[in-house]
Amino acid sequence: MSNDRDTEFVDFVHSASPRLLKTAWFICGDPVQAEELVQAALERVYLRWGHLRETTPLAYTRKVLLNLHIDHQRRAVREVSMDAILERTTVDVGPEDGDYLVGLLRQLPLRERQVVVLRYYVGATEAETADALNVSTGTVKSSASRGLAKLRELHTPEENSHAR
């Protein structure tokens, strides 16, 4: 039975890792830190896999990832300013677009960045985002609105053409 459990977890890791990694990269702005966050989150999920595999392991993993990032930020005793995504998309972002996007995201406050990434990259609902960040739905709405407005202000076609 433990073998089945491990096989299910490995399958989950293979299917969820690419999206988790990109989400973590958008949240923290550093590909190396993103890998560390995903690894740490998956380690914690594995320890609870027996209970999680029957529920919503991806949502739980995202929540762990966000909490780990917040803990890391607190330990660093510095706030990294970050932003969010320009528009909702399910298309994968290429490396050159990702760098441009991360550069924009870094210019927003952390909460706005987290909300925009969860809402418009991950595709989480307002309620799921609020639950993942332990905030109210109203906070999610206002943070998303401010984050998107700031991204629109920062994004110009001339800047985008230089990023490619």
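Before any of the text, the structure's been laid out above.
In short, a report on the structure. Along each chain, residues carry numbers from 1 onward, in the same order as the chain's sequence is written. In keeping with the model being predicted, local features are shown solely for residues with a pLDDT of at least 70 and side-chain atom pairs are shown and tallied solely at 80 or more, while totals for entire chains, interfaces and linings include all residues. Calculation of side-chain values draws on the structure's entire complement of heavy atoms; hydrogens and water are dropped beforehand.

**With respect to unusual backbone geometry**
Residues other than glycine predominantly adopt negative phi, and peptide bonds predominantly adopt the trans conformation. Of note in the backbone geometry, N134 takes a positive phi value of approximately 55° without being a glycine. Secondary structure elements follow DSSP: runs of H or I of four or more residues count as helices, runs of E of two or more count as strands, with numbering from the N terminus. Residue position: N134 is located in the loop between α7 (126–133) and α8 (137–154). Note on classification: 1.4 Å probe, protein chains only; a residue is buried when its accessible area is under 20% of the maximum for its type, exposed when over 50%, partly exposed between these limits. Judged by relative accessible area, N134 falls into the exposed class, the value being 56%.

**Quick notes on the pattern of salt bridges**
Any Lys or Arg side-chain nitrogen located within 4 Å of an Asp or Glu carboxyl oxygen qualifies as a salt bridge. Within the structure shown, the criterion is met by five salt bridges. With its nearest N and O atoms 3.8 Å apart, the salt bridge here joins E54 to R53. On the basis of relative accessibility, which here comes to 63%, the residue E54 falls in the exposed class. In this structure, K150 and E153 form a salt bridge, with 3.9 Å as the shortest nitrogen-oxygen distance. Of this pair, K150 and E153 are both found in helix α8, three residues apart, which corresponds to roughly one turn of the helix. Exposure remark for E153: the relative accessible area of 58% places this residue in the exposed category.

**Comments concerning α7**
When α7 is considered as a whole, its buried residues turn out to be T129, A130, A132 and L133. Projected down its long axis, α7 shows its buried positions confined to an angular sector of 165°, all on one face. Positive phi appears at N134, one or two residues downstream of α7, with a value of about 55°. This arc is built from the directions going out from the helix axis to the C-beta atoms.

**Here we look at the packing of α7 against α8**
As a packed pair, α7 and α8 sit with axes 8 Å apart at the nearest point and diverge in direction by 105°. Considering their axes alone, α7 and α8 lie roughly perpendicular with respect to each other. Contacts between α7 and α8 involve E126, T129 and A130 from the first element and T137, V140 and K141 from the second. Among the residues forming the contact of α7 with α8, the class breakdown is two nonpolar, two polar and two charged. Helix axes are fitted only over the stretch in contact, all axes being lines through C-alpha atoms; the angle between N-to-C directions runs from 0 to 180 degrees. Orientation categories follow fixed angle ranges, with anything under 35 degrees roughly parallel, anything over 145 roughly antiparallel, 65 to 115 roughly perpendicular, and all other angles oblique. Here a residue-residue contact requires only that any non-hydrogen atoms of the pair lie within 4.5 Å. In this count, Pro and Cys sit with the nonpolar residues alongside Ala, Val, Leu, Ile, Met, Phe, Trp and Tyr, while Asp, Glu, Lys and Arg are called charged and the others, Gly among them, polar.

**A few points about the environment of L42**
Note on placement: L42 falls in helix α2 (residues 31–47). Judged by its relative accessible area of 7%, L42 is buried. L42 sits 23 residues away from L65 along the chain, and the two C-alpha atoms are 8.5 Å apart. Setting aside residues up to four positions removed in sequence, L42 forms contacts with F9, F12, V13, S17, L20 and T61.

**Quick word on the packing of helix α6 (residues 110–122) against α7**
At a minimum axis distance of 10 Å, the contact between α6 and α7 shows a crossing angle of 135°. Here α6 lies oblique to α7, going by the angle between them. Of the two elements, α6 crosses α7, and the hand of that crossing is right-handed. Residues R111, Q114, V115, L118 and R119 of α6 pack against E126, T129, A132 and L133 of α7. In the contact of α6 with α7, the residues fall into four nonpolar, two polar and three charged. The sense of a crossing depends on the near helix, which, turned anticlockwise from the far helix by less than a right angle, makes the crossing left-handed and, turned clockwise, makes it right-handed.

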